[in-house]
Each structure stands twice: as C-alpha cells, then as structure tokens.
Amino acid sequence: MKIAIVAAMKEELHPFEEHYVPRKEVFSKGPIRILEVHENLYLVQSGIGKANAAATAAWLCDKVQPDLIINTGTTGSFNENFALADVIVSTKFGYSDVDATGFDYAWGQVPQMPEFYPVDQALNEKVVRILQERITTFGIHNGFIATSDSFMSSIETVQNIRKHLPDIVASDMESTPLAQVAHFYNIPVLNVRGVSDYVGGDAPDTFEATLELASKHAFEAVCTLVEEL
C-alpha cells in the first residue's frame, strides 16, 4: 500500500521527518513540499488553508497516486469532553463556511458537489479499533471534523457553525479540500488530528501552548496506523 502523510505546518510534519528520514524531495512549490521516504511512503507539507490543501492534493493524486492519504496535525475541538492533546479520527469531511443555501444546497455544500465526503465505515471502524487497542496514554475519539478557512476564535462564528452542523466535534483548515480532490481520483482519505485547543476566544493562546504535544500525539497515532496498514 502506498501511503501519503499530509500535514499543513512544518511543526506538524517535523516528527515524521525525524522518524522516517525521507531520501529525496520530489516536489516543492510555495509552502508545499512532497518528500519520498520510499516508494510506498511519502511525507507532505501542504501549507495552511483550503487553497494550499487543494493544490497539494491535485499534485499528489496525479503524480504520486497514493492508495491512501492520511491527513494529520492539530484541530480545534468543539467538544470540551475531549482532553487537550487527545486524538480525533474523522468520520466524514465537510465544510463549515460554505453557504449556497439560497440555491437549495445544504449548509456547507459546495454547489454541484456532494454535501459530505464520508470515510468508508469499515475503514473508519478498523482505524479506531487499532488506535484504541494500541494507544493507552491519551484518548482516541471519532467524529465529524469540519473544514473552514477561519481559525475558530470568534464566539459568533462558533455559535453559527454549531447551529448549522450540530454533529461537529472539531475544526481544521485543510482536510475537506484534500478529500474533495481525492474523491475525483477514488483515493480514500483519513484525518487523524490532535486536539490543540477548544474553539472560542482562548483558542489562539491554547493552540500555542498545546501545539507541540497535540502534534506529537497525532504523530504517534499515524505511525501506529502506518505500521498496521
């Protein structure tokens, strides 16, 4: 199985580079870097945000053609029952900042595209089972992580998203564009992220304090999956 591990920030990708030691860089443009560990494992820095993630996914799916993409890094939790630096595995991908409801689309649905990009149920259950069996030092959770181009520090924004997407458990800035582009190529995507903050006014300060540990736990979870898959 050819796996590509994608993280937005260098701080999130750095543990993987130290652990797997890539042998060459196969692509670099702007914030995007694609590193080959060997023919069946690639490490990818996408840069932050939806546009960077979509550009990364297009090049990765077209040129590398992985069998599985694992998006990782950190996430802001909508659920305060999840401890900081716990890990969340996405059940589906969708946007929280798209509004074409005036044309009878669902909230979050890009016109002429699916409302959500679900993770295959059997794959999701297998991933969660592996992580819960193998990892005991931090929590493993399962739920809907939505994507937005906004960092969730605005209370008003958070309240609006909760109203429209009541099943949301966390937010990131890259995973859904990766899944959307990979959907064109029939390539499955997993999203495995460490909780860096709780959405709301304190999120930026908490993010800075928790980034390293949340990234470390996401790294441990993804390495566990790579070994198993």
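Above: the structure in question.
By convention here, each chain's residues receive numbers from 1 onward along its written sequence. Only residues with pLDDT of at least 70 get local features here, since the model is predicted, and only at 80 or more are side-chain atom pairs given and counted; chain-wide, interface and lining totals rely on the full set of residues. Side-chain figures throughout are based on the complete set of non-hydrogen atoms in the structure, without hydrogens or water.

1. Remarks on the overall build of the protein
Link 1 in the chain: Numbering of helices and strands runs from the N terminus, with a helix taken as a DSSP run of H or I at least four residues long and a strand as a DSSP run of E at least two residues long. A tally of helices and strands in the protein yields 6 helices and 11 strands.
Link 2 in the chain: By its C-alpha atoms, the protein is 45 × 40 × 35 Å across when sized along the principal axes.
Link 3 in the chain: Only protein chains enter the accessibility calculation, which uses a 1.4 Å probe; a residue whose area is less than 20% of its type maximum is buried, one above 50% is exposed, and one in between is partly exposed. Each of the 229 residues in the protein was classed as buried or not, and the buried ones make up 55%.
Link 4 in the chain: Sequence-distant contacts in the protein: of pairs separated by 6 or more residues, those separated by 24 or more amount to 77%.
Link 5 in the chain: The accessible surface values rely on the Shrake-Rupley method and a 1.4 Å probe; as for residues, cover is taken only from the protein chains in view. As displayed, the protein offers around 10300 Å² of accessible surface, 48% of which is attributable to carbon and sulfur atoms.
Link 6 in the chain: In this charge count, Lys and Arg are treated as positive and Asp and Glu as negative; neither His nor the chain ends contribute. Working definition for charges: the position is that of NZ of Lys, CZ of Arg, CG of Asp or CD of Glu. Of the charged side chains in the protein, 16 are positive and 31 negative, and the gap between their average positions amounts to 6 Å. Note on contacts: a residue pair qualifies if any of its non-hydrogen atoms lie within 4.5 Å across the two residues.

2. Re helix α3 (residues 121-134)
Link 1 in the chain: Under the convention used throughout, the expected extent of a helix is 1.5 Å for every residue step, that is, one less than its residue count. Helix length check: α3 (14 residues) gives 20 Å between terminal C-alpha atoms against 20 Å at 1.5 Å per residue, within 8%.
Link 2 in the chain: Where α3 is concerned, the buried positions are Leu123, Asn124, Val127, Val128, Ile130 and Leu131. Projected down its long axis, α3 carries its buried residues within an arc of 160°, all on one side. Seen from the buried face of α3, the exposed residues on the opposite side, beyond 90 degrees, are Gln121, Ala122 and Glu133. Our arc is simply the arc of the directions from the helix axis toward the C-beta atoms.

3. Things to note about the packing of aromatic side chains
Working definition: an aromatic ring pair is given by the centre-to-centre distance plus the angle between the planes.
Link 1 in the chain: Two rings from Phe, Tyr or Trp (for Trp, the six-membered ring) form a pair when their centres sit within 6.5 Å of each other. Planes less than 30 degrees apart are called stacked, planes more than 60 degrees apart edge-to-face, and all others tilted. For the structure on display, the rule yields 3 aromatic pairs.
Link 2 in the chain: For the pair Phe116 and Phe144, a centre-to-centre distance of 5.5 Å together with 85° between the ring planes defines the contact as edge-to-face. Here Phe116 is found in the loop between β7 (92-93) and β8 (117-118), whereas its partner Phe144 is found in strand β9 (residues 140-147), with 28 residues between them in sequence.
Link 3 in the chain: Exposure remark for Phe144: the relative accessible area of 2% places this residue in the buried category.
Link 4 in the chain: In this analysis the charged atom, NZ for Lys or CZ for Arg, is taken to sit over a ring once it is within 6 Å of the ring centre and within 35 degrees of the ring normal. Between Lys92 and the ring centre of Phe116, over which it is positioned, the NZ or CZ distance is 3.8 Å.
Link 5 in the chain: A cation sits over an aromatic face here: Lys92 above Phe144, 4.7 Å from the ring centre.

4. Description of the nonpolar core
Link 1 in the chain: What makes a nonpolar core is a set of buried Ala, Val, Leu, Ile, Met, Phe, Trp, Tyr and Cys residues whose side-chain atoms join them at distances within 4.5 Å. The biggest cluster of nonpolar side chains holds 53 residues, and the ones touching the most others in it are Ile5, Phe16 and Tyr20.
Link 2 in the chain: No other element matches the 6 residues that helix α6 (residues 203-228) contributes to this core.
Link 3 in the chain: Excluding its chain neighbours within four sequence positions, the residues that come into contact with Tyr20 are Ile5, Val37, Leu41, Leu43, Cys223 and Val226.
Link 4 in the chain: In this structure, Trp107, Phe144, Ala146 and Leu165 belong to the second largest nonpolar core, which totals 9 residues.

5. Considerations on the environment of Glu228
Link 1 in the chain: Here Glu228 lies in helix α6.
Link 2 in the chain: With 136 residues separating them along the chain, Glu228 and Lys92 place their C-alpha atoms 22 Å apart.
Link 3 in the chain: The contact partners of Glu228, leaving out residues within four places of it in the chain, are Ile130 and Arg134.

6. Things to note about the packing of helix α2 (residues 50-64) against helix α5 (residues 175-184)
Link 1 in the chain: All axes are obtained by fitting lines to C-alpha atoms, using only the stretch in contact for helices, and the reported angles, taken between N-to-C directions, cover 0 to 180 degrees. Look at α2 against α5: their axes get within 8 Å of each other, and the N-to-C directions meet at 30°. Seen along the crossing, α2 lies across α5 with a hand that is right-handed. Contact residues: Lys50, Ala53, Ala54, Ala57, Ala58 and Cys61 in α2; Pro177, Leu178, Val181 and Ala182 in α5. Should the near helix be turned counterclockwise from the far one by less than a right angle, the crossing is left-handed, whereas a clockwise turn marks it as right-handed.

7. Focus: the pattern of salt bridges
Link 1 in the chain: Salt bridges are defined as contacts in which a side-chain nitrogen from Lys or Arg sits within 4 Å of a carboxyl oxygen from Asp or Glu. Under the counting rule described, the total for this entry stands at 10 salt bridges.
Link 2 in the chain: Here Arg193 makes a salt bridge to Glu174, at a shortest N to O gap of 3.2 Å. One end of the pair, Arg193, is in strand β11 (residues 189-198); the other, Glu174, is in the loop between β10 (168-172) and α5, with 19 residues separating them in the sequence.
Link 3 in the chain: Note on Arg193: relative accessible area 1%, which makes it buried.
Link 4 in the chain: One network of salt bridges, in which partners are shared, links Arg134, Glu227 and Glu228.

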